[in-house]
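The residues making up each chain are set out below.
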Amino acid sequence: MPENKTNENREVILEGKGVTKRFGGLVAVNDVTFQLYRGEILGLIGPNGAGKTTLFSMIAGAFHVSAGQILFKGKEIQNLRADKICSLGIGRTYQICQPFGSMTVRNNVMVGAFIRYPKIRDAEKKADDVLEKVGLYQRADAMGSELTLPELKRMEVARALATEPEILLLDEVIAGLNPTEVDTFLRLIMDIYRNEKLTIIIIEHVMRAIMSLSHRIVVLNHGAKIADGLPAAVASDRQVIDSYLGKEVPHADDK
Ligand SMILES: Nc1ncnc2c1ncn2[C@@H]1O[C@H](COP(=O)(O)OP(=O)(O)O)[C@@H](O)[C@H]1O
Ligand SMILES: [Mg+2]
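Residues numbered from 1 in each chain as written. Chains lettered and ligands numbered in written order. Predicted model: local features only at pLDDT ≥ 70, side-chain atom pairs only at ≥ 80, totals over all residues. Heavy atoms only, no water.

(A) Seen up close, the site of ligand 1. Around ligand 1 lies a shell formed by Phe-23, Leu-26, Ala-28, Pro-47, Asn-48, Gly-49, Ala-50, Gly-51, Lys-52, Thr-53, Thr-54 and Phe-63. In this structure, Lys-52 approaches ligand 1 through a side-chain N or O atom, which is 2.8 Å from an oxygen atom. Thr-54 is positioned such that a nitrogen or oxygen atom in its side chain is 2.5 Å from an oxygen atom of ligand 1. Here ligand 1, which alone exposes 560 Å², has 62% of that area covered by the protein. Those elements that provide at least two residues to the shell around ligand 1 are strand 2 (26–37) and helix 1 (52–59). A total of 3 residues in the shell around ligand 1 trace back to one element, the largest contributor, which is helix 1. Grouping the amino acids of the shell around ligand 1 by side-chain chemistry returns 6 nonpolar, 5 polar and 1 charged. (Near = heavy atom within 4 Å. Polar contact = N/O pair within 3.5 Å; in protein donor to acceptor, adjacent residues only side chain to side chain. Areas by Shrake-Rupley, 256 points an atom, 1.4 Å probe, with all protein chains shown as cover. Helix = DSSP H or I, 4+ residues; strand = E, 2+ residues; numbered from the N terminus. Nonpolar A, V, L, I, M, F, W, Y, C, P; charged D, E, K, R; others polar.)

(B) Representation of the pairing of strand 7 (residues 167–171) in the model. Burial within strand 7 is extensive, with 5 of its 5 residues counted as buried. The alternating pattern of strand 7 places Ile-167, Leu-169 and Asp-171 on one face and Leu-168 and Leu-170 on the opposite face, and all of these are buried. For strand 6 (residues 90–92) and strand 7, the ladder comprises 3 bridges, and the chain directions are parallel. The residue of strand 7 that forms the bridge with Gly-91 is Leu-168. Pairing between strand 7 and strand 8 (residues 199–203): 5 bridges, direction parallel. Among the inter-strand pairings, Leu-168 is bridged to a residue of strand 8, identified as Ile-200. What joins strand 7 to strand 8 is helix 6 (residues 179–195), and the crossover it makes is right-handed. (Buried < 20%, exposed > 50% of the residue type's maximum accessible area, 1.4 Å probe, protein only. Pairing = 2+ DSSP bridges. Right-handed = clockwise from strand over helix to strand, strands pointing away.)

(C) Focus on the environment of Ala-232. Checked against the element boundaries, Ala-232 lands in helix 8 (residues 231–235). Assessed through its relative accessible area of 60%, Ala-232 is described here as exposed. In sequence terms Ala-232 and Tyr-193 are 39 residues apart; their C-alpha atoms lie 22 Å from each other.

(D) Seen up close, the sheet that holds strand 2. If you trace the 4 strands from one edge of the open sheet to the other, you get 2-1-4-5, paired in antiparallel fashion. The open sheet is flanked by strand 2 and strand 5 (75–76), the only strands paired with a single partner. The pairing of strand 1 (residues 12–23) with strand 4 (residues 67–72) spans 5 bridges and is antiparallel. Within the sheet, the bridge partner assigned to Thr-20 lies in strand 4 and is Ala-67.

(E) Looking closely at the sheet that holds strand 10 (residues 224–229). Taken in spatial order, the 6 strands of this open sheet run 6-7-8-3-9-10, and their pairing is mixed. Taken across any chain shown, the strands that pair with only one partner, and hence form the sheet edges, are strand 6 and strand 10. Within the sheet, the average angular offset between the axes of one strand and its neighbour, ignoring direction, is 20 degrees. Packed on one face of the sheet, helix 6 meets strand 3 (41–45), strand 7 and strand 8 and runs near 155 degrees to strand 8. (Axes fitted to C-alpha atoms, helices over the stretch in contact; angles between N-to-C directions. Contact = heavy atoms within 4.5 Å.)

(F) Inspection of the pattern of salt bridges at higher detail. According to the stated counting rule, one finds 16 salt bridges in the structure shown. Taking the shortest distance from any N to any O, the salt bridge between Asp-83 and Arg-81 comes out at 2.6 Å. Owing to a relative accessible area of 37%, Asp-83 belongs among the partly exposed residues under this scheme. Looking at Arg-81, the relative accessible area reads 59%, which means it is exposed. Connected through shared salt-bridge partners, Glu-11, Arg-38, Lys-73 and Glu-166 make up one network. (Salt bridge = Lys/Arg side-chain N within 4 Å of Asp/Glu carboxyl O.)

(G) Region of the structure containing the layout of surface pockets. Quantified by volume, the largest pocket comes out at close to 390 Å³. For the lining of the largest pocket, the elements supplying multiple residues, two or more each, are helix 2 (82–88), strand 6, helix 3 (105–113) and helix 5 (149–161). Its residues placed into classes, the lining of the largest pocket shows 10 nonpolar, 4 polar and 4 charged. (1 Å grid on protein atoms, 1.4 Å probe; cavity = no way out; pocket = protein on both sides within 12 Å on 5 of 7 lines; lining within 4 Å. Points joined across faces, edges and corners; volume = space filled by probe spheres on them.)

(H) Focus on empty space enclosed by the protein. By the definition in use, this model includes 1 cavity of 30 Å³ or more. Taken as a whole, the largest cavity encloses approximately 50 Å³ of empty space. Lining the largest cavity are Phe-34, Leu-42, Leu-44, Leu-55, Phe-56, Ile-59, Ile-201 and Val-218. Those elements that provide at least two residues to the lining of the largest cavity are strand 3 and helix 1. Broken down by element, the lining of the largest cavity gets its largest block of residues, 3 residues, from helix 1. Grouping the amino acids of the lining of the largest cavity by side-chain chemistry returns 8 nonpolar, no polar and no charged.

Written as structure tokens, this is what we have:
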């Protein structure tokens, strides 16, 4: 388990101020203010439809914000283009894996690498390097469509790592894996975190995973932040239990 570090004197690498997303009449993310400290693993949890993925999409530039600011190293990034935000150093995985099935695994990962390495040879080298890191190098020549779910999740992480992020946004990369695969994936995330000196926000329903990985946890419910604190404090928070933990846990793979 990562040690809990105090946040005093630590750099705020990412900050949200009153971040809001409306889809027509629906407020998917409602006035959310948060800080992310450099070197931290922040867990982002909440029921389905709480707004977690939408918040990631705004951070990564896939969605415009309806109101509020997002600051990366003190500079506003909300509403910049996704490729610009990626090149600044924020990489994400997608909850719904979106492999290019008719491309090899290596080429899938090169899609991420091109943002730093425009030359094919260099992008290839980067792709192989990150495939090695996520334990998928032996599948580099397989087609995206041939991968198993755990392999797809590794490829998603590899594609995000190939963009050389400072902040990695992981959206349910553990969901759907069996308990043994969950353990393997947890070790993989910790290895990457340590070796790449990353800052991570991780969305996950598997509580065992989120509790063991996260230094701190933010809880969303109906788009609003309802808790923000150390894992143990959040897990015993009455509002969090009533809105989420009491209903969602236990999961089949969370025993
Ligand atoms: N592109 C979209 N258009 C309209 N509504 C959306 C869109 N994306 C998400 N939503 C809605 O926003 C809310 C939050 O969704 P989401 O961020 O995916 O939740 P979570 O990831 O926490 O499960 C849901 O009610 C969802 O239906
Ligand atoms: Mg989601």
